[in-house]
Amino acid sequence: MGPIIADRTTDILINRTGDAINDKRFPISTQEAIMEILNGHPQVAKCFVKKLLQPFRVARSARSDKCKAEIVWNALNVFNAPNRQLGLTEKLICSFALSCLHHNDPEVRNMGKNIFIYMYCSEGVDTELIRSHLPHLSKYTYEKNPLLRSLRDEFEQFDRSVTTTKNKGQAAKAEGSAKRMRVPKLEDGKRPRTVTVVVNEGHASSSNRPDSVDYDKMCMFCGEINETFTPEGLDEHYLHNCYMLTRCHLCDEVVEVSTLNEHLLDECTNKSTLRKCMRCHEPILKNHFSQHVSTQRCKVARSDTIAGRCLLCHMNISPNNDIGWRKHLRDYCKYNPRRSNKQYA
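Model, not experiment: these values are computed from the prediction. (Residues numbered from 1 in each chain as written. Predicted model: local features only at pLDDT ≥ 70, side-chain atom pairs only at ≥ 80, totals over all residues. Heavy atoms only, no water.)

*Asks:* Is there a simple way to explain the overall build of the protein chain in this structure?
*Replies:* Of the regular secondary structure elements, the protein chain holds 13 helices and eight strands. Counting the 345 residues in the protein chain, one finds 42% classified as buried. Contacts spanning at least 24 positions in sequence make up 50% of the contacts within the protein chain whose residues lie at least 6 apart. With the model as given, the accessible surface of the protein chain reaches about 19400 Å², and the carbon-plus-sulfur share is 51%. (Helix = DSSP H or I, 4+ residues; strand = E, 2+ residues; numbered from the N terminus. Buried < 20%, exposed > 50% of the residue type's maximum accessible area, 1.4 Å probe, protein only. Contact = heavy atoms within 4.5 Å. Areas by Shrake-Rupley, 256 points an atom, 1.4 Å probe, with all protein chains shown as cover.)

Written out as structure tokens, the structure is:
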């Protein structure tokens, strides 16, 4: 019964999603109806999934194809693909994503890219299997195609993050218990090249000029120099005042704002309550995840080499380095409670 229902209704429903001329409510209501079907009888849902994951037809409108890709994308997130019980297997999903990459519509192609990234980053998948579904093109062709180049870079970035996470886990075991506050140390008394020296006028002295800096009295993150910065004073500064730092709202650990995203996804003791959105790359609470991905209102993430993402205000930060982050968090981030109007020397 399931295959018959799916064969007779899937194409009609998909075509209906593209009918925004007669009634703009059609696409939304139809997508909601399809998601209800997928939440219903398992056999019927599996048949619908199989039909939805079939490659695009040439005769169908770009609007319908876009809606179909959105339905598949929402299904992946709602049902935590790969989900073999529902028929959301790696092979079928990647075949559909590949057909998206070959589509004429740029939004559909970008959706295919996001689906590939989602599958590659999912737990328990064979990443080599995912890679095997990518177009078999020469390195030169990849370099000439921005979408494929971006997709390849995302894969490589994820591989590096996995390696880094494993190394951090091994280091944490070797150390025993992780510290609540990790502060970088200056080596050989050298000042980081990107630190802007900030003199607190209320506690300034002639020895605190940039050409004669007492690095023991300097904040490693914002560059402020203050005579009150004893070891205890620095800890107080880190915990409450440094505009480059913030408290994780889930574990209360003090971390750099620029690394808050990585902390929440990889290090936070409550990271299991979060899931990474493959559109904006931000960590989203799992109980809000379905609603987040279905609206598709979040800002699309850019490559880390181009811009970072501030989780306080959700703005892209460029350049994605200490200079860019310091300027943003000090002068522009409206949601940074530690931002102040200090004078910089």
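*Asks:* I'm lost on the state of the cysteines in this one. Help?
*Replies:* Here, disulfide denotes a covalent bond that connects the sulfur atoms of two cysteines. Applying the stated criterion across every chain, the model contains zero disulfides. A disulfide-free cysteine, C222 has its sulfur positioned 3.5 Å from the sulfur of C219, the nearest such atom. (Disulfide = S-S within 2.5 Å.)

*Asks:* Sorry, what's going on with helix α12 (residues 286–295) here?
*Replies:* Residues of α12 that are buried include every one of F289, H292 and V293, and no others. What you see down the axis of α12 is that its buried residues fit within an arc of 85°, all on one side. Turned more than 90 degrees from where α12 packs its buried face, N287 and Q291 sit exposed. Next to the buried residues of α12 lie α4 (62–78), β5 (274–276) and β6 (283–285). Trailing α12 by a residue or two, Q296 shows a phi angle of about 50°, which is positive. (Arc of directions from axis to C-beta.)

*Asks:* Whenever I open this one, the packing of helix α5 (residues 90–101) against helix α6 (residues 106–121) confuses me. Can you help?
*Replies:* The axes of two packed helices give the description: the angle between them and the distance between them. Remark: α5 packs on α6, axes separated minimally by 7 Å, with the N-to-C direction vectors making an angle of 150°. When the axis of α5 is compared with that of α6, the two are roughly antiparallel. Of the two possible hands of crossing, α5 and α6 adopt the one that is left-handed. When α5 is examined against α6, the residues E90, I93, C94, F96, A97, L98, C100 and L101 are found in contact with a partner set consisting of V108, R109, G112, K113, I115, F116 and M119. For the contact of α5 with α6, the per-class residue count stands at eleven nonpolar, one polar and three charged. (Axes fitted to C-alpha atoms, helices over the stretch in contact; angles between N-to-C directions. Parallel < 35°, antiparallel > 145°, perpendicular 65-115°, else oblique. Left-handed = near helix turned anticlockwise from the far one by under 90°. Nonpolar A, V, L, I, M, F, W, Y, C, P; charged D, E, K, R; others polar.)

*Asks:* Would you explain the pattern of salt bridges in this entry?
*Replies:* Pairing between side chains of opposite charge can happen when the charged atoms of each approach one another. Following the criterion strictly, the structure yields seven salt bridges and no others. Notably, a salt bridge pairs D153 with R152, separated by 3.6 Å at the nearest N-O pair. (Salt bridge = Lys/Arg side-chain N within 4 Å of Asp/Glu carboxyl O.)

*Asks:* Sorry, what's going on with unusual backbone geometry here?
*Replies:* Among all residues save glycine, negative phi is the norm, and among peptide bonds the norm is trans. Residue P319 follows S318 across a cis peptide bond; omega there is 0°. Of note, the phi angle at H281 is positive, near 65°, even though the residue is not glycine. Residue position: H281 is located in the loop between β5 and β6. Look at H281 and you get buried, because its relative accessible area is 13%. One non-glycine residue, H314, adopts positive backbone phi at about 65°. Assignment of secondary structure puts H314 in the loop between β7 (308–309) and β8 (316–317). Residue H314 is classed as partly exposed on the basis of its relative accessible area, which comes to 36%.

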